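# Structural overview
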Amino acid sequence: MAEWFVTLGLVFGGCCSTALALERVTSEYPKSGSLITFSQFLLVSLHGFAKFVTFTRGPLGLPIPRLLPRRIPFLRYLTHVGLFYFLSLFNNLAFGYGIPMPVHIIFRSGGLVVSMLMGWLISGKSYTKSQILSVIFVTVGVVLTTLSSHRSQKAANSSSLDTTASRYLTGIAVLSLALVLSGFLGIVQEKTFASYAKDTPARPRPKQVRLSPTAKAVVLPPIWEESMFYLHFLSLPMFFFVRHDIAMQSSVLFSPYAATTTFNVPLAAAQFTLPAVLPVLLANTLTQLLCVAGVNRLTARVPALTVTLILVVRKAVSLVLSVALFDGVDVAWGMLWSGAFLVFAGTVVYTVSERPVKRPVKSEGKKE
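Basis of the calculations
- Residues numbered from 1 in each chain as written.
- Predicted model: local features only at pLDDT ≥ 70, side-chain atom pairs only at ≥ 80, totals over all residues.
- Heavy atoms only, no water.
- Phe/Tyr/Trp six-rings, centres within 6.5 Å; stacked < 30°, edge-to-face > 60°.
- Helix = DSSP H or I, 4+ residues; strand = E, 2+ residues; numbered from the N terminus.
- Buried < 20%, exposed > 50% of the residue type's maximum accessible area, 1.4 Å probe, protein only.
- Pairing = 2+ DSSP bridges.
- 1 Å grid on protein atoms, 1.4 Å probe; cavity = no way out; pocket = protein on both sides within 12 Å on 5 of 7 lines; lining within 4 Å.
- Points joined across faces, edges and corners; volume = space filled by probe spheres on them.
- Nonpolar A, V, L, I, M, F, W, Y, C, P; charged D, E, K, R; others polar.
- Patch = residues over 30% accessible without salt bridge, like charges linked within 9 Å, V, L, I, M, F, W, Y side chains within 5 Å.
- Areas by Shrake-Rupley, 256 points an atom, 1.4 Å probe, with all protein chains shown as cover.
- Salt bridge = Lys/Arg side-chain N within 4 Å of Asp/Glu carboxyl O.

## Side note on the packing of aromatic side chains
This structure, assessed with the given rule, holds 14 aromatic pairs. A ring pair is formed by Y77 and Y230, whose centres lie 5.0 Å apart and whose planes are at 20°; its orientation type is stacked. Here Y77, found in helix α3 (residues 74-93), pairs with Y230, found in helix α9 (residues 223-233); they are 153 residues apart in sequence, far enough to count as distant. Pair check on accessibility: Y77 and Y230 agree, each one buried. Judged by centre distance (5.9 Å) and plane angle (40°), the ring pair of F86 and F90 falls under tilted. With F86 and F90 both in helix α3 and four residues apart, this pair spans about one turn of that helix.

## Structural notes on α9
Burial of α9 is extensive: ten of the eleven residues sit out of reach of the surface. The set of residues buried in α9 consists of I223, W224, E225, E226, S227, M228, F229, Y230, L231 and H232.

## Focus on the pairing of strand β1 (residues 53-57)
Pairing analysis gives five bridges linking β1 to strand β2 (residues 63-67), with the strands arranged antiparallel. Note that in β2 the partner of T56 across the bridge is I64. A loop of five residues connects β1 with β2, the two strands running antiparallel in sequence, and L60 in this loop sits at a positive phi of about 60°.

## Considerations on empty space enclosed by the protein
The final tally for this structure, using the stated rule, is three cavities of 30 Å³ or more. The wall of the largest cavity is formed by 46 residues, among which L87, N91, R108, L311 and R314 lie closest to the centre. Grouping the constituent residues of the lining of the largest cavity by class yields 22 nonpolar, 20 polar and four charged.

## Points about a nonpolar patch on the surface
Residues V113, L117, W120, L121, I122, V180 and F184 make up a contiguous nonpolar surface patch of about 610 Å² in total accessible area. The dominant element in the nonpolar patch, judged by the number of residues it contributes, is helix α5 (residues 111-121), at four residues. Relative to the helices and strands, L121 resides in helix α5.

See the structure below:
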């Protein structure tokens, strides 16, 4: 039970905080998607580097990095990495095409339906009427919660007027592609964790391994932590293809014309000036570390559809906080709380419903 409290605390606390910081950054710098994604991936990789990488002595005594033993084979991660990199990049790039936050949330919350459809089509799962009803409740609830913000609707209309129709539709296409990639990633991760997360008699997985006969035993980290590190670390080389975008966005951020903020250090009797958006970007990066830790913990414990359902509830909470902190009181409170009720009611219905089962395979034998 304690593990569940920690996991949900990371998901709701970390992810809601990073969503608010993301909205603040993208409201001022809507084309900073590549820089934001790279910063997040770099910090997560640095956080887990010491646990998964070691150095051995090479020629001329130079240290050579080497990956420590893993629970999941290296090649299995390549598919995960490709899907995760592109969906993360696309989600942040969408803000550069004039996509407002309410539309962004609606599309990302649509992953619940995508996960169920892919589970039915790819994994051969069938779902109960209660589970289907819960998906409808959650989807309608998120839409109502989004529409409750009058000012967000006005912002969406004004932003669409400032951009061409083709540019706006391009942003919608980017979000749609990210949604499909997210559904595929959920299915792939579920199958991988089901195969490698637990020890089985046919495929034993010792918790300790030795790098050499004289080396000390190495305790393998939890599988969710391993997955979190490799998904981000192995994605770093792919940012080479968007290096020019990152450089341009960094130059805009540190431009002498950008707004600045001054920090005083009383003990050192000194002060220093930073770009005003930089502390918010750092907050977004740090809270993203907590968020991905919670999501990866969750992914290793429950099926993909359950992960998507919990994340939809988290997004609804983020939207309520966004309305309260950024849009003031210009909200249709009846619609807002009606949507929140449907989201939580859908969560309860899904929790008490039966788990999805495999569809029976029809026999192809001859009839007698």
